[in-house]
Amino acid sequence: MSPEFIGIMGVVALLLLFLFKFPVSIALIIVGVTGFGLIRGFDTAMVQLGSMPFNTVSDYSLSVIPLFILMGMFLSHSGFGQDLYQSVDKWIGHLKGGMAVTTIGTSSVFAAISGSVNATTATVARISIPEMRRYNYSMSLSAACVAAGGTLGPLIPPSVILILYGILTMEDIGSLLIAGIIPGIVMMLIFILVIYLWIAKYPDAAPPTSKSSWSDRFRSLKNVWPFIFLFIVSIGGIYLGIFTPTEAGSVGAFGSFLLAVLTRRLNWSALGKALSDTLRLSAMIFLILIGAELFSQFLSISRIPTELTSFVQQLDWSPIMILAAILLVYFLLGLFLEGIAILVLTLPIVYPLITSLGFDGLWFGVIMVMVVNIGLITPPLGISIYIISGVVKDIPIEKIFKAVMPMVGALIIGVILFTLFPEIIMVLPDLMN
Amino acid sequence: DITEGASGTTNENNELIFSHFFPDNHIQETELVSGFIDETEEATEGRVTFSSYSGGQLADPDGHYEAAATGVADAGFSVHSYTPGQFPLTSVMELPFMSGSGTTGSETLWQLYEEFPEIQDEYDDTVPLWLSTSEPGYIFTRDEPVERPEDLEGMIIRSPSPEVNNWLELMGATPVSMPMADTYQALQQGVVDGTVGPPHTLVDYSLHELVDYVTVGDFYFTTFFGVMNQDSWNSIDEEDQEAMKKIMGEETASTAGEIIDERSDEAMEAAVESGAEIIELNDDQLEKWEEEMQPVIDDWINRMEEEGLPGEEVYKRAEELGDEQG
Amino acid sequence: MWQYIEKAEKVVTALSKFFLICASIIILFIMALIPVDILLRYFFSQSITGTYELVEMGTALMIFFALAMTHHYREHIAIGFLVDRLSHRVRNFIEGSVEAVVFIVVIVMGYQLWEHAMRIMNRSIITTDLGLPLYPFIIIVAGATFIFAAKVLFNGLSHFREVAQKS
Ligand code: NA
Ligand code: NA
């Protein structure tokens, strides 16, 4: 058996294991170690299995991931998300479709301080859906807004998935973090546009709500400052040179911890939940990273990435056609796999290919994250939708998937827009350097 | 068993795997590793061929000795100080003022390896292909120049190794460890005031753009090893082994040194071009530095002797070789 | 028989919870350590020796300490759209079998981590700034891996119990 053949069989075996509901991480470990063993001898494969788990997990750059997740969890479990929503609501909730826009807006702000899409979706869903229900908003519209808002999480800094992209490709993490800001804002505007078209067609979906007084509005702002404060401290500190991007995670986590304690919102039970949620989510991500490390070493030694790159370079396709094909594959993978798994699985192959075609690695990171994000809100594995359906138990999940379709369209439009005008992504990073 | 895996069931043309963590476009790959592979192939008339796996595809930067020893790769190339404690006597070359260039440093290190069985013991489960050093490491600072040891007082300096930590602390500076990838930003925004390292690493991470002052002195050396798996070596015919031995060792060590010295000159030119001021120390000033750094050397020797290793002898011999070769 | 298994399971779950508490303390420690280091650096030009490696070792321990509870809540991402459609018995049989394989993989991984620790010990590798020996950390990680394995085992058994009870 040639190494290339073993490599292809490995990929097939991996998909089969996925189909039988193997944890993604363990499936990667099994295929990675077995494949490496078949090519290189099982004694050496066992050495890899012994050394990679500890080496991967004791990587300083990766420590930022649990800390950014912790920051989001502290804010979520101490009720700051709720306050944020109510404040935005007081300002724009009374406008036509105002609460839907409030939901998108709250998601963006929450995304801006949370490293995780799950934390963003779960928090905003828990807060906004009961509120919208109170004002007789249609559940379809409510669910669509929460789902769409959650997809902004991985774009607006800090973003765990963009940090991972930087670690895996050696692209500058600081630049990656700010590259997502403008695309995030543009996507938010596109989502708001979709909401207006929706309400134009179905006016009953968003009945008018009562207006708040100006004094109420200004008073509510006092609960929003923690978000602005944390965003400025954790992202601003990087650019003022007080700390490095890797250190920003702990600054953010520590800041949100202090805020929650000083405002007496963090009791022991909320502290325990925030810590437990953070650690379990981080452990899940890191085990996938260990598997991905082993799997990518197997792929390397099977020579598939090298062969594939030279194969694609032989094709008489234009770079933009190859890009389109790659993004299509990402879209399809996104339907079935979780974002981090896709990233670690494909980047060893795709990143060298993309840069060899002359595309900017930084730009591609943002585009790829957007495409993969679509899978968060599509069947069969739309994690965001599962989280939302956990909050609105009385609506069948199929109906939520259907309701979210216009938002999927919006994301696709966004991807096309940012491909035609890469400046939207590149302007901030270019400005920084 | 390991032998089966390592002796090249890898692919049809029996290519051996050479693994290292330097990026694909780095001189360590394009000149040193590629050059070694080409020469080996030529000398053995194509019977021994390596395929290079760059960028740490097969092992982490600190896992390359292990990878070669266990047969994950047939050969590995990395930096000694990534696994502190593993190569105690080899670390003599990390001490200040050991040599004036990468070429002489590398030749000295290989000569020490040949002369001291205690150093050979540090590589007893592999076959060393070469040992080499970087060019001398200088002090790079932003804003404030460093001429005298006391100029370092109060500065925050990124440090590459424990030996450098020691003398930075002696001079009242604060050494910090951070990933090389973070250093650009840290230096740019003043998280650190400077860094110690061989000039070629400056260009690797574009640090030359940021540096205002370069204090020239033989303050530190990074050391490298290229080692081969024992069984992979044994699988090679004796005739080809003899052919390879002519390339291995001193020959490749000094080539490695020359490559890095050349790169170092380019790096210094780049630094000057982007506005850095080069601070050359005169003999009086140098003497002051040597005096201040002596405790670090004494400490190193004491630690070796405590562990029952011939630290004194190795240090003396290294100094002697350094003087001989200039 | 199930009652003994249940008792053993309770012990393993208690251990897993204890490990999660240890992990919580570690993450709080890291969360505080870095800002303190930054403040010292910014205001006093000082630095806590070993911050870098303490964060590395701490992250390693905390992640492995949390693995068992992550499995307890069945939070490892898996794709269920095929298996979840099958009948209760078949589904539990498949999931139980998957857990059996996962158990073997995790046990082997724990053993290999131990072997890795022994190799690192023989090479006397220490950390850069504090000079701590590296191998004890790897041994602790190997230990946590075995607790994770035990958790997997009991999850698997509970699936097979479902299969047995329905027949
Ligand atoms: Na975010
Ligand atoms: Na790696």
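Residues numbered from 1 in each chain as written. Chains lettered and ligands numbered in written order. Predicted model: local features only at pLDDT ≥ 70, side-chain atom pairs only at ≥ 80, totals over all residues. Heavy atoms only, no water.

A.B. asks: How do you make sense of the sheet that holds strand β9 (residues 213-220) of chain B when you look at a structure like this?
C.D. replies: Through backbone hydrogen bonds, the strands of a sheet pair up, either in parallel or in antiparallel fashion. Residue and element names in this part refer to chain B. The mixed open sheet is built from six strands, whose spatial order is β7-β6-β8-β5-β9-β11. Each of the sheet's edge strands pairs with one partner strand only, and the pair in question is β7 (174-176) and β11 (277-280). Each adjacent strand pair in this sheet contributes to an overall mean axis angle of 30°, direction not counted. (Pairing = 2+ DSSP bridges. Helix = DSSP H or I, 4+ residues; strand = E, 2+ residues; numbered from the N terminus. Axes fitted to C-alpha atoms, helices over the stretch in contact; angles between N-to-C directions.)

A.B. asks: What am I meant to see in the side chain of E247 of chain A here?
C.D. replies: Checked against the element boundaries, E247 of chain A lands in helix α14 (residues 245-262). Contacts of E247 of chain A, omitting those with residues within four sequence positions, involve Y60 of chain A together with I34, I38 and R41 of chain C. (Contact = heavy atoms within 4.5 Å.)

A.B. asks: Whenever I open this one, the coordination of the sodium ion (ligand 2) confuses me. Can you help?
C.D. replies: Any two of four tetrahedral donors ideally make an angle of 109.5 degrees at the metal, while pairs among six octahedral donors ideally make 90 or 180 degrees. Surrounding the sodium ion (ligand 2) are the protein donor atoms E293 of chain A (OE) and D60 of chain B (OD), which sit 2.8 to 3.1 Å from the metal. With E293 of chain A in helix α15 (residues 268-302) and D60 of chain B in the loop between β2 (50-53) and α3 (64-70), this pair bridges two chains. Its relative accessible area of 23% is what places E293 of chain A among the partly exposed residues. Taking the relative accessible area as the measure of exposure, D60 of chain B reaches 18% and is therefore buried. (Donors = N, O, S within 2.8 Å, 3.2 Å for Na, K, Ca; no water. Buried < 20%, exposed > 50% of the residue type's maximum accessible area, 1.4 Å probe, protein only.)

A.B. asks: What exactly am I supposed to notice about the domain arrangement of chain A here?
C.D. replies: It is common to give the size of an interface as the accessible area that goes away when the parts come together. Residues and elements named next belong to chain A. Domain assignment breaks chain A into domain 1 (1-58 + 285-302) and domain 2 (59-266 + 303-432). With centres defined by C-alpha atoms, the gap from domain 1 to domain 2 works out at 30 Å. The partner domain 2 presents 18 residues to the 22 residues of domain 1 that form the contact. Across the domain 1 to domain 2 interface the summed buried area is about 1,500 Å²; carbon plus sulfur atoms make up 80%. Where domain 1 meets domain 2, there are zero salt bridges. Taken together, the connections running from domain 1 to domain 2 amount to four residue pairs in polar contact (both at pLDDT 80 or more). Contributing elements (two or more residues each) for the side of domain 1 that touches domain 2: α1 (3-19), α2 (24-40), α3 (42-57) and α15. Sort the elements by how many residues they give to the side of domain 1 that touches domain 2 and α15 lands first, with 11 residues. Here the residues of the side of domain 1 that touches domain 2 sort into 14 nonpolar, seven polar and one charged. (Domains from an automatic or database assignment. Buried area = accessible area lost by both parts, 1.4 Å probe. Salt bridge = Lys/Arg side-chain N within 4 Å of Asp/Glu carboxyl O. Polar contact = N/O pair within 3.5 Å; in protein donor to acceptor, adjacent residues only side chain to side chain. Nonpolar A, V, L, I, M, F, W, Y, C, P; charged D, E, K, R; others polar.)

A.B. asks: Can you walk me through the interface of chain A and chain B in this structure?
C.D. replies: Taken together, the contact pairs 29 residues of chain A with 29 residues of chain B. Taken over both partners, the interface formed by chain A and chain B buries close to 2,300 Å², and the fraction arising from carbon and sulfur atoms is 50%. Applying the counting criterion to the chain A and chain B interface returns one salt bridge. A salt bridge links D74 of chain B to R40 of chain A; the nearest nitrogen and oxygen atoms lie 3.0 Å apart. If you look at where chain A meets chain B, you find nine residue pairs in polar contact (both at pLDDT 80 or more). Elements with a contribution of two residues or more to the side of chain A that touches chain B: α2, α3, α13 (225-240), α14 and α15 of chain A. Element by element, the count of residues in the side of chain A that touches chain B is highest for α3 of chain A, at six residues. Taken together, the residues of the side of chain A that touches chain B break down into 14 nonpolar, 11 polar and four charged.

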